Amino acid sequence: MASFKSYLVRRIVLALLVLYFVITITFILSHVVPSDPAELYVGPKATKEQREKAIIELGLDKPLYVQYINYIFGLLKGDLGTSLRAHTPVLHDILVYLPATLEIVVIANIIALFIGILFGTFSALKKDHLEDHLIRFISVGGVSIPSFWFALLTQLIFFGILGILPLDGRLSTETQLFNPIKTITGFYTVDSLLNGNFPAFLDCLRHLILPATVLATYPIGLVTRMVRSMMVEVLNENYIRFAKANGFRENLIYYKYALRNALTPALMALGLSFAYSITGAFLVEVIFSWPGLGTYTVNAILENDYPSILGVTIVGTIFYVAINLLLDILQAYIDPRVRLQ
Amino acid sequence: MKKPLIEVKELNLKFVSFEGIAHILDNVSFKIYGREIFGLVGETGCGKSVTALSIIRLLPKNSIIEGSIIFDEKNLLDFPEREMAKIRGRQISMILQDPTSSLNPMFKVGEQLCDAIKSNQPNRKDVKDYALELLKVLGFRESKRVFNSFPNELSGGMQQRIAIAIALSGEPKLLIADEPTTALDVLTQAQIVALLKDIRDKYGTSILLITHNLGLVAEVCDRVGVMYSGQIVETGPTEEIFYNTRHPYTLGLLQALPYNKPKDKPLPVILGNLPNPFNPPKGCRFKERCSRATKECENLKPKPYLISQEHSVACFNPLGDIIC
């Protein structure tokens, strides 16, 4: 186990290095792009004095390397800088937008995990039968359908034609007026339950269904295909034949002995798709008017609000790095061969 | 007359593939009695393993099988898959050639053994104790430590012994051992062989031992079947096969053994290769490699016939009485 500890320490150090380089590169890039942060900060109708005051306030009069050092020291104190557009601390903004995104992304990926494993296993067990062809068709569809198109389609069907689900947003106006949620964690589903506000919880869920489903289509297709191909491979292994020949129960063979061996690559793929969706879900967020991190990122980029861009990049990188680390630990937990190396 | 535990009768097996139909087994018949170790010998590719897979019904889907396998007065080939699953492990079990790939690398061997016991003896309550006891029977002194090991922490011989423990978990009447020692070193081979003999003596389990090692056959088998190109060419008690050899192929195998041979001369070999299963020759399948082949062998298929009460041979020109 000592070797596992040192492996873990090595991985964490490496992760911090990756984070540092990403911050540095993003910092340089956002300062190379031609724009005037001070003007953005004070607005178009500001006087010259106001503008000069802003330059000093933002530290723009100092050389770039001093700005960079100041920024890094700020980070160490948990200060991500001030947004040029909103004049609010970037950390605060991100903490407002992040839970909204996490809420749909987490639910979407949990759906994808279960449906993907179910479909993939079933498909492999029914290889070359009708069920298999059907599931393969669905999974190819899942990875290739453009999410914005699918989002519009679900809105058309479930809001426009059937009228059973809300069009967009996180809560309906009625709930906001009559059953407002007191924010604790930022996750509305969790907060409404903590408040004991059951009608709001149901309303939350109704709003979550469509965006979460749309976000889940890609990882469902991905996980299904991964699990299927791995299962097909594993079912041909000697140890499966040995288990069959010696009377192991069928359920044990398929759902324990084969699936466990087939799961790791699917988890890897799911982890990456999860990390990607944290900042990459903006198409879905825009269509569903979902106040998430994706929308925030796009706005920050369009207006060259570099403290916000840097902040989002840092959060995204932290998610990527943390999830990769988590997956490696999980893999070591699942597969003893990795642990012993 | 003793009743056999299992009787394989006129087994014919074909594989259908894109290249055509491969004729794998041709009229294979043999019996195994209770408490008996029956050896099935022959060179690689002659159909030994496939015969074993036919008995346990784990053939690939593209196979066509005819004939009958009578076990406990019932024909196993008539069993639906659901019934057959109950036979596997509880009546007939099997260990494979490569012990390092027989066990699942993701689970502790103890867990795998317990799963086998739970599957094959669902009413048993003392699963873990029974597992530890099985490990002791198979010669593990530190059975608790082994119980908590992963397969890749154990040697090949240990893995094969675990595999045997799993195969014994349902107290089967027949254990099929498909080249159980081929992947192991010589000392471990001897250990596994001694173990198989012990198991037969202790539990009365019949064993179908598939091998190409005639030394092993001489050591443990009560009776032997010699296979060539999907046919059984000679079968009988081990002593008869070794000292009263009748089939030229069996003789060729025996002469190729390195024991008691002058060291300065090369070993005699059987020239040529196995015939192509997609297009097996007419007549005797061994004729092209046989020094005794005559016109008769060219077109007619030799049928097995008894030369003594238990010794049968399929050859038109069998060897005489005094050989070796």
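In this text, all values refer to a predicted model and were calculated from it rather than measured experimentally.

A. The sheet that holds strand S11 (residues 305-306) of chain B, seen in detail. Residue and element names in this part refer to chain B. Across the sheet, which stays open at both edges, the eight strands sit in the order S6-S7-S8-S3-S9-S10-S12-S11 with mixed pairing between neighbours. Every other strand in the sheet has two partners, leaving strand S6 (92-95) and S11 as the edge strands with one partner each. Sheet topology note: the S11/strand S12 (residues 312-313) ladder contains two bridges and is antiparallel. Its bridge partner lying in S12, Leu-306 is registered against Ser-312. Helix H1 (residues 48-56) rests against strand S3 (37-41), S6, strand S7 (174-178), strand S8 (206-211) and strand S9 (223-228) of the sheet, and its axis sits at about 145 degrees to S6. The sheet strands contacting helix H11 (residues 248-255) are S9 and strand S10 (231-237), and the helix crosses S9 at an angle near 100 degrees.

B. Layout of the nonpolar core. Counting residues in hydrophobic clusters, the biggest one holds 168 residues, and the most contacted among them are Ile92(B) and Leu208(B). Among the elements that line this core, the one with the most residues is helix H12 (residues 250-280) of chain A, at 13 residues. If sequence neighbours within four positions are ignored, Leu208(B) has contacts with Phe30(B), Ile32(B), Phe38(B), Leu40(B), Ile55(B), Leu174(B), Leu175(B), Ile176(B) and Ala177(B).

C. Structural context of the sheet that holds strand S4 (residues 63-71) of chain B. Residues and elements named next belong to chain B. If you walk across this open sheet you meet the four strands as S2-S1-S4-S5, and the pairing is antiparallel. Each having just a single partner strand, strand S2 (20-32) and strand S5 (74-75) make up the two edges of the open sheet. In this sheet, S4 lies alongside strand S1 (residues 6-17) in antiparallel orientation, the contact comprising eight bridges. Paired with Asn-12 across the bridge in S4 is Glu-66. Where H1 meets the sheet, it contacts S1, S2 and S4, and its direction lies at approximately 75 degrees from that of S2.

D. Quick peek at the interface of chain B and chain A. Tallying the contact residues gives 30 residues for chain B and 21 residues for chain A. Interface of chain B and chain A: buried area, both sides summed, is about 2,400 Å²; carbon and sulfur atoms make up 62% of it. Three residues, Pro105(B), Met106(B) and Phe107(B), lead the burial of chain B against chain A; their summed loss comes to 25% of the area buried on that side. Summed over the shared surface of chain B and chain A, the result is two salt bridges. One salt bridge in this structure joins Asp115(B) and Lys256(A), with 2.6 Å as the shortest N-O distance. Connecting chain B to chain A are 10 residue pairs in polar contact (both at pLDDT 80 or more). Top element by residues in the side of chain B that touches chain A is helix H4 (residues 109-120) of chain B. It accounts for seven residues. Counted by class, the side of chain B that touches chain A contains 16 nonpolar, nine polar and five charged residues.

E. Spotlight on the pattern of salt bridges. The tally for this structure, following the rule as stated, stands at 21 salt bridges over all chains. With a shortest N-O distance of 3.0 Å, Arg88(B) and Glu81(B) are connected by a salt bridge. A relative accessible area of 42% means that Glu81(B) is categorised as partly exposed. Arg200(B) serves as the salt-bridge partner of Asp222(B), at 2.9 Å between the closest nitrogen and oxygen. You can see Asp222(B) sitting in the loop between helix H9 (214-220) and S9 and its partner Arg200(B) sitting in helix H8 (residues 186-203), a full 22 residues away along the chain. When salt bridges that share partners are traced, they join Arg85(A), Glu303(A) and Asp305(A) into one network.

Criteria and thresholds
- All residue numbers refer to positions counted from 1 along the written sequence of the respective chain.
- Each chain takes a letter, starting from A, and each ligand takes a number, starting from 1, following the order in which they are written.
- Only residues with pLDDT of at least 70 get local features here, since the model is predicted, and only at 80 or more are side-chain atom pairs given and counted; chain-wide, interface and lining totals rely on the full set of residues.
- The basis for the side-chain values is all heavy atoms of the structure; hydrogens and waters are excluded.
- Strands pair, by our definition, only if DSSP identifies at least two bridges between them.
- Helix and strand assignments follow DSSP, with helices taken as H or I runs no shorter than four residues and strands as E runs no shorter than two, numbered in order from the N terminus.
- Should any heavy atoms of two residues lie within 4.5 Å, those residues are considered in contact.
- Every angle, taken between N-to-C directions, lies between 0 and 180 degrees, and every axis is a line fitted to C-alpha atoms, over only the stretch in contact when it is a helix.
- Think of a nonpolar core as a cluster: buried Ala, Val, Leu, Ile, Met, Phe, Trp, Tyr and Cys residues, connected wherever their side-chain atoms sit within 4.5 Å.
- Burial classification: accessible surface area is computed with a 1.4 Å probe over protein chains only, and a residue below 20% of its type maximum counts as buried, one above 50% as exposed, and the rest as partly exposed.
- Here the buried area means the combined drop in accessible surface, using a 1.4 Å probe, for two parts upon being joined, counting both sides.
- Here a salt bridge means any side-chain nitrogen of Lys or Arg lying within 4 Å of a carboxyl oxygen belonging to Asp or Glu.
- Nitrogen and oxygen atoms within 3.5 Å of one another constitute a polar contact, given that in protein one can donate a hydrogen and the other can accept it, and given that sequence-neighbouring residues count only through two side-chain atoms.
- Ten residues, namely Ala, Val, Leu, Ile, Met, Phe, Trp, Tyr, Cys and Pro, are considered nonpolar, four, namely Asp, Glu, Lys and Arg, are considered charged, and the remaining ones, Gly among them, are considered polar.

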